[in-house]
Amino acid sequence: KTFGVGADIAKSNWFDYLKDLIAQGYLASTAGQYPVLILTETSEDVLKGRTPVQLVKVKVKKEKPAKLVSAAVHPYIQEVFDTLRQLRTEFAQAENVPPYVVFSDATLVEMATYLPHNDNEMRRISGVGDLKFEKYGADFLREIIGYCSSHKLGSRIHLKTQRRERRARTRRDAAGRDTYRITLEMFLGGLSIPEIAVKRELGISTIENHLCRFIPTGQVSIEEFVPYHKIEPILQAVLKFKDGAALSPVKEYLGDDYSYGEIRAVMAAM
């Protein structure tokens, strides 16, 4: 009749309670390599209800909500962000995809911060690649310009730090295809990632990295990498550890049921 009693209490809290009971002498721990809990002389009075037991109350820490961006250098305009988020929702519903597939929150925050006024400025926003710009750029730009016009605001794109990108030389084959394009063509030809890895004599993670480059362009679908039910948990984990931008904390948080390749794919789609 006592099976499952206390299942509503977290494991960490139970450890605190047990330590408290041991400290008060109501329980004891045996010695040796594998200690177990045992009753003491005072336990009988407790079990028979003759002695009340008071425990230290465990204080539950409330988890802070995930930040939209790790460290915003400049404040964003909440009203613009809300308008863009609503527009994103409309696109997502029309296309039957999660909102982040359209644009991530971080991208909307940048738009609401730097207020791009033309195509070139919009393309400088992180997460706005060629494909997404063609699909959504004009609509989002129209909302931003409309707000700025009514509030007499100019572009703030000059505040955005221009990142210097190091371009590495990419080896190409006789047909002029780089290593990423070769992997893509093999994948689109029907070969699985393990099969491509064997044929190209490369690691599976390398092949996954190659293909992740084509997720933002739409040439590879995220659903081809990640089962649909895993996408949202991975997204939330990535946002939770946004400050580090590293894979390891996200992987450790999600556990063995999630692979690095799946995490990379979701990050590429953001």
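Before reading on, note that the structure itself is shown above.
A brief look at the structure comes next. (Residues numbered from 1 in each chain as written. Predicted model: local features only at pLDDT ≥ 70, side-chain atom pairs only at ≥ 80, totals over all residues. Heavy atoms only, no water.)

## Quick notes on the overall build of the protein
Within the protein, the regular secondary structure consists of 13 helices and 2 strands. A total of 270 residues make up the protein; the buried ones form 32% of that total. For the protein, the proportion of contacts with a sequence separation of at least 24, taken over those separated by at least 6, is 58%. Here the protein displays about 18100 Å² of accessible surface, and carbon together with sulfur accounts for 52% of that area. (Helix = DSSP H or I, 4+ residues; strand = E, 2+ residues; numbered from the N terminus. Buried < 20%, exposed > 50% of the residue type's maximum accessible area, 1.4 Å probe, protein only. Contact = heavy atoms within 4.5 Å. Areas by Shrake-Rupley, 256 points an atom, 1.4 Å probe, with all protein chains shown as cover.)

## Some details on helix α10 (residues 204-212)
For α10, the complete set of buried residues consists of I207, E208, H210, L211 and C212. Looking at the buried side of α10, the elements it contacts are α8 (179-188), α9 (193-200) and α13 (260-269).

## Describing the nonpolar core
Counting residues in each nonpolar core, the largest one holds 32 residues, and the members touching the most others are L211, I215, V220, F225, V226 and I234. Take this core: its biggest share by element is 6 residues, from helix α11 (residues 228-240). Not counting chain neighbours up to four residues away, the residues in contact with V226 comprise I231, I234, E262, A265 and V266. (Core = buried A, V, L, I, M, F, W, Y, C linked by side-chain atoms within 4.5 Å.)

## Observations regarding the environment of L188
In this fold, L188 is placed in helix α8. With 32 residues separating them in the primary sequence, L188 and V220 have C-alpha atoms 8.4 Å apart.

## Looking at unusual backbone geometry
Even without being a glycine, L115 presents a positive backbone phi close to 45°. Counting through the fold element by element, L115 comes out in the loop between α5 (105-114) and α6 (119-123). Backbone geometry places K152, a non-glycine residue, at a positive phi of 55°.

## Quick look at the packing of aromatic side chains
For the coordinates displayed, the defined rule picks out 6 aromatic pairs. Here W14 and Y17 contribute two aromatic rings whose centre-to-centre distance is 6.0 Å and whose plane-to-plane angle is 90°, an arrangement assigned as edge-to-face. A residue pair is termed a helical-turn pair when its members lie 3 or 4 positions apart in one helix, as W14 and Y17 do in helix α1 (residues 11-23) at 3 residues. For W14, a relative accessible area of 35% translates into the label partly exposed. A relative accessible area of 18% places Y17 in the buried class. (Phe/Tyr/Trp six-rings, centres within 6.5 Å; stacked < 30°, edge-to-face > 60°.)

## Comments concerning the packing of α10 against α13
Interaxial distance between α10 and α13 falls to 10 Å at its minimum, and their mutual angle equals 15°. Between α10 and α13, the angle falls in the class roughly parallel. Seen from above, α10 lies across α13 with right-handed handedness. For the pair α10 and α13, the contacting residues are S205, E208, N209 and C212 in the first and G261, R264, A265 and A268 in the second. Considering only residue class, the contact of α10 with α13 consists of 3 nonpolar, 3 polar and 2 charged. (Axes fitted to C-alpha atoms, helices over the stretch in contact; angles between N-to-C directions. Parallel < 35°, antiparallel > 145°, perpendicular 65-115°, else oblique. Left-handed = near helix turned anticlockwise from the far one by under 90°. Nonpolar A, V, L, I, M, F, W, Y, C, P; charged D, E, K, R; others polar.)

## Re the packing of α8 against α10
Following both chains from N to C, one finds α8 and α10 inclined at 90°, their axes separated by 9 Å at the closest point. With respect to α10, the axis of α8 lies roughly perpendicular. Here T179, Y180, T183, L184 and F187 of α8 lie close against α10, whose contacting residues are I207, H210 and L211. Tallied by class, the residues present in the contact of α8 with α10 amount to 5 nonpolar, 3 polar and no charged.

## As for α8
Within the span of α8, buried status applies to I182, T183, L184, M186 and F187. Where the residues of α8 are buried, they touch α9 and α10. Of the residues one or two after α8, G190 is the one with positive phi, at around 110°.

## Describing the environment of V250
Mapping V250 onto the fold places it in helix α12 (residues 247-254). Residues V250 and K240 lie 10 residues apart in sequence; the distance between their C-alpha atoms is 8.3 Å. The residues contacting V250, other than those within four sequence positions of it, are A237, V238, F241 and I263.

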